Every structure is written in C-alpha cells, then in structure tokens.
Amino acid sequence: MIQSLPLAPALYVFGDSMFDSGNNNLLPTVAKANYLPYGVNFAKGVTGRFTNGKTVADFIAEFLGLPYSPPFMSIRRSTPLTGLNYASGSCGILPETGNLFVRTKCLNLNEQINLFERTVKSGLERQYFNMSSNELSDYLSKSIFMFSVGSNDYLTNYLEPNVYDTSKRYPPQPFAQFLVDTLSKRLYNLGGRKIIMFEIGPIGCIPSITRKKKHNVGQCVEETNQIVSFFNQRLPTFLNNLTSSLHGSTFILGQANFLGYDAIINPSKYGLEDSTSPCCTTWANGTSGCIPFVTPCLHAYKNFFWDAFHLTEAAYSLIATRCFNDSICSPFNIKELVRM
C-alpha cells in the first residue's frame, strides 16, 4: 500500500537481474523472464522480473511509500518523478559481461548511468522547467539510489574460462580490485547523494554452481564464495572513501552476503524449508532458468531459490526488510538514511 506522504521523493534502481523489472523484455538478449512461472505471485503478473513476485527494489519502494520504479526501457511519455529502474539482467560492471555475442545486448552499469544522465538532462529538467535548479538538486539529493551489480562479472565472465579469458588475465584478488576501481562516481556528479550498494551474494551456494561443481564439504562451493569475497571485502573502504571525499554524500553498504549465506545454511531460522533447490522446474537439471509454463513448487514462500540463479520473493523480502529497518545496511539503514 502506498503511503500518502513518501519518505523520499524517488527511488532510482541500477544493477542486474536481481533488480530488473522488465528492461530486458525490450532488449535483444536471451536473458528474459517474460513468461510464466516468472511473476506467478506478482500482482501485475509477468513483467520481466526474474522471480515469482517482488524484488528487493519493489519492497524498498513500498517501504518508502513510492510506486514501483518502472523499467526505463518501457517509458514512452514524461519521466515519472518517483524514480526509474535501469537494471538489466545478465549484465554487470564490465562492458563485455553479458554482451560478448553478436546480436546480444543488455545494459551494463556504465550504460545505465548514461541513461540516468539522459533522464536528468532531458526528462527531469523539462518537468522542473518552472522550478529553480536548486529545487531540482534538492529532489535528487533526497532521492534514494540502489545498486546490485557484479554477480554476472563472476558468474558469466570470470568463472567461464571457456567463454572469457578474464580469469587467465587476472588472479582473484586483482580482479576484485579491478571491478571496484571500475565502479563509477558519476552518479554524484548528477546529483545522487543517498546511494546503497549491495554486496554480491554467496554465489557459491546457488543451484547453478552447486549442481555443476563438485564439492565434498558442506552445502556450498566455498572456493567460489571465497573468490567473490575479495570483491565484497573491498566495498566498505571504497564506499567510506566516497562518503569522505564527495561532500554531502552518504554511501551505504548492503551486507546481503552473510544474511543470504546464513539463510541458506540455516533456513528454518528464517521461516524457510528448502534452501538448495529451485522452486520452478528449470532447464539443464536445475542449473538454469525456469522452463516456460511449467507449474512451480506449491509453497514458494518456503523456498530460498526461485530458479538456478535468483531468489524467491520471500528471500528478497528478508533482505529488503533487514536493510530498511535493521543493521545489514551500514552505517545506516534506509529508515535512518531518509531522515538525514
């Protein structure tokens, strides 16, 4: 339910399929979720979200009292002032991630920021034509900017040596530093001040990895989790430095990795029952996306994974709620951030 007075003027969303709300529907990519059972538990049905219901971004929008941020690619009229979603499934921080093959195109992070720049210059400024530049700056400085990106730079790039040569050129720690160095500061220059960057989740625990790679100890492929941890370990210092050096900004770390890992290892602690299997029936023996129109598991709210890569609405609700109200978002949760 939308509140009468939103806690923030807008929510702008960037990233990959964890946040994509339908941009890939209108892009020449095979990474699409525009068919059932995707969206089976979503009020608007099939939208292009890579889950059964709401994403983290959708829950945060609700908590802020805002409408869901619509996908940028679907906008044909005036840009809504309550935010937009630029996230694109299968893409990442690096421009080549998700875009290696001819006639395949998703929106990498730099392109998403370019589109936001276009939104500000051609859309927002036009809507604020009768307002001062200070009022536009105030609107942007109070808006919330959310990022979830980097998973594909590992899953479909670094960990696929037969497709990309990235892992042959970079050992794990230098690659992590390369990704962090590539993250752009351009949002600050466009007016963004309240920015949340989520960690990469424990991808060594997702069915796509656990069902393909041999592992003798535990539920997850810990070697893969370790490779990703080098990126996550660098994020706090990176974001703290941005907050210190960019006047008036607050960069928040969304510590979703440990929460996700704990929910996978101890599902009953979070009201879940199955944290190993995809809820939908997927291609390639549980290691890919949902097979179209096949009925998924009956109780998705008890599952952590929706398909071989993505989480259920229940898992996303857990992450969003803890980020909004509790301490997995640091040094401030979103409820505290909007009051600043």
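As the structure is a prediction and not an experimental result, all values here were calculated from the model.

### Examining the sheet that holds strand S3 (residues 194-198)
The strand order across the open sheet built from five strands is S1-S2-S3-S4-S7, with neighbouring strands paired in mixed fashion. Whereas interior strands pair on both sides, the edge strands pair on one side only; in this sheet they are strand S1 (11-15) and strand S7 (329-330). Here four bridges tie strand S2 (residues 144-148) to S3, and the two strands are oriented parallel to one another. The residue bridging Phe147 from the neighbouring strand is Met197, located in S3. Its contacts with the sheet put helix H1 (residues 56-64) on S1, S2 and S3, and the angle it makes with S1 is roughly 170 degrees. Of the strands in this sheet, S3 and strand S4 (250-254) are in contact with helix H9 (residues 222-245), which crosses S4 at around 165 degrees.

### Brief notes about the nonpolar core
Of all hydrophobic cores here, the largest spans 94 residues; its most connected members are Tyr12, Leu64, Phe116, Tyr154 and Phe198. Considering each element in turn, this core owes the most residues, eight residues, to H9. By size, the runner-up hydrophobic cluster in this structure holds nine residues, among which are Ala33, Tyr38, Cys290 and Trp306.

### Some details on the state of the cysteines
Here, the word disulfide means a covalent bond between the sulfur atoms of two cysteines. Scanning the entire structure with this criterion turns up five disulfides. Each sulfur in the disulfide pair Cys205 and Cys220 lies 2.1 Å from the other. Between Cys205 and Cys220, the disulfide has an S-S torsion of 105 degrees and is therefore right-handed. Pair noted here: Cys205 is in the loop between S3 and helix H8 (207-210) and Cys220 is in the loop between H8 and H9, with a separation of 15 residues, a long-range link.

Definitions and cut-offs
Residues numbered from 1 in each chain as written. Predicted model: local features only at pLDDT ≥ 70, side-chain atom pairs only at ≥ 80, totals over all residues. Heavy atoms only, no water. Pairing = 2+ DSSP bridges. Helix = DSSP H or I, 4+ residues; strand = E, 2+ residues; numbered from the N terminus. Contact = heavy atoms within 4.5 Å. Axes fitted to C-alpha atoms, helices over the stretch in contact; angles between N-to-C directions. Core = buried A, V, L, I, M, F, W, Y, C linked by side-chain atoms within 4.5 Å. Buried < 20%, exposed > 50% of the residue type's maximum accessible area, 1.4 Å probe, protein only. Disulfide = S-S within 2.5 Å.

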